[in-house]
Amino acid sequence: MRILMLSIALLLAGAANASAVTIDFERLYDSGEGSSSSNSLHGNTYTEDGMRVRNVDGEYQLSTWHANERGFNGSTAMFNNSRNATTELTAVSGGSFDLVSIDLSPLHISYNLTEPAPDLADYVYVTFVTNTGHSQTFDVGITDGNWVLEDILGEEVWVTDMPQPVTTFFFDSCFEGVTSVSWLQNDPGLHQFDNIVAANVIPIPAAVWLFGSALVGLGCCRRRQAGNKGSNRISKYSVQPL
């Protein structure tokens, strides 16, 4: 019984031991060799190191550039492939976490007019919102002079030259102890994200606590059964009255 209780204590202590993680998406790296597409699709949900990234309401899937594409910035980054769609970050356990920082860079942006290219300062800003309603906006920015005129499917459009610079942004203290953070894939002003750093994350799902409780219940049940067996032995060998 002591061994059982010690195991339970160690298990629950491990579940409560919070940790810091970095979601770098490197497991999704694709050289692109032999592929006819420019990016890989990863469904609407991606999990890594106890954290979950989810495409909440977008028509298209979460994606990453192939390494041989000009949108690849030297590190595998993810983007929501749906314009004006919501991306959400949560812990797999459903518990709270501290969002520390994130790397952001502009995507390949097009402006469907043959007029002069738009003001770059008006593009790529990303607003992150916590489950408590607190928000923080980052100006990702585009390198000046990176608009080029291209012919795409017979139409002249302004597009941003790629790749664009990657910037690390840090969140304020209101992003501590949150259970979810969401942000939009703005149109125009598309972005990709990488190296999401989260602290005080409980990596083991909450189901572990239920499992621990079940083990405690099992231990109590076995002890009760042992007690009942002892009582039966006493009555069996007791002296019967004449």
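Our subject in this report is the structure included herewith. What you see is a predicted model, and the numbers here were worked out from it, not measured in a lab.

**Focus on the sheet that holds strand S11 (residues 135-139)**
Pairing between the strands of a sheet is mediated by backbone hydrogen bonds and can be parallel or antiparallel.
Line of reasoning, step 1. Taken together, the six strands give an open sheet; going across it, the order is S3-S4-S7-S15-S10-S11, and neighbouring strands pair in antiparallel fashion. In this open sheet, the two edge strands, each paired with only one partner strand, are strand S3 (45-48) and S11. Across the sheet, the mean angle separating the axes of adjacent strands is 20° when strand polarity is ignored.
Line of reasoning, step 2. Alignment of strand S10 (residues 125-130) against S11, held across five bridges, turns out to be antiparallel. By the bridge assignment for S11, Val126 is matched with Phe138.

**So, the pairing of strand S16 (residues 191-201)**
Line of reasoning, step 1. Within S16, eight of the 11 residues are buried, leaving the element largely enclosed by the surrounding structure.
Line of reasoning, step 2. The pairing of strand S1 (residues 19-23) with S16 spans four bridges and is antiparallel. The residue of S16 that forms the bridge with Ile23 is Ile196.
Line of reasoning, step 3. In this structure, strand S8 (residues 98-106) lies alongside S16, joined through seven bridges in antiparallel fashion. Residue Pro106 lies in a different strand from S16, and its bridge partner there is His191.

**What to know about the packing of aromatic side chains**
Aromatic ring pairs are defined here through the distance separating the ring centres and the angle between the ring planes.
Line of reasoning, step 1. For the structure shown, the criterion picks out 11 aromatic pairs.
Line of reasoning, step 2. Measuring from ring centre to ring centre gives 5.9 Å for Phe25 and Phe193, while their planes differ by 70°; the resulting arrangement is edge-to-face. In this pair, Phe25 sits in the loop between S1 and strand S2 (39-41) while Phe193 sits in strand S16, placing the two residues 168 residues apart along the sequence.
Line of reasoning, step 3. Overall, Phe25 belongs to the buried group, its relative accessible area being 0%.
Line of reasoning, step 4. The exposure class of Phe193 is buried, given its relative accessible area of 1%.
Line of reasoning, step 5. When the ring of Tyr29 is compared with that of Phe72, the centres are 6.2 Å apart and the planes differ by 70°; the resulting orientation is edge-to-face. Of the two residues, Tyr29 is situated in the loop between S1 and S2 and Phe72 in the loop between strand S5 (62-65) and strand S6 (78-80); the sequence distance between them amounts to 43 residues.
Line of reasoning, step 6. According to the relative accessible area criterion, Phe72 is buried, its value standing at 15%.
Line of reasoning, step 7. Joined through ring pairs, the aromatic side chains of Phe25, Tyr46, Phe128, Phe138, Phe169, Phe171, Phe175, Trp183 and Phe193 make up one cluster.

Cut-off values and rules
- Residues numbered from 1 in each chain as written.
- Predicted model: local features only at pLDDT ≥ 70, side-chain atom pairs only at ≥ 80, totals over all residues.
- Heavy atoms only, no water.
- Pairing = 2+ DSSP bridges.
- Helix = DSSP H or I, 4+ residues; strand = E, 2+ residues; numbered from the N terminus.
- Axes fitted to C-alpha atoms, helices over the stretch in contact; angles between N-to-C directions.
- Buried < 20%, exposed > 50% of the residue type's maximum accessible area, 1.4 Å probe, protein only.
- Phe/Tyr/Trp six-rings, centres within 6.5 Å; stacked < 30°, edge-to-face > 60°.

Take it as geometry only, folks, not as evidence of what the structure does.
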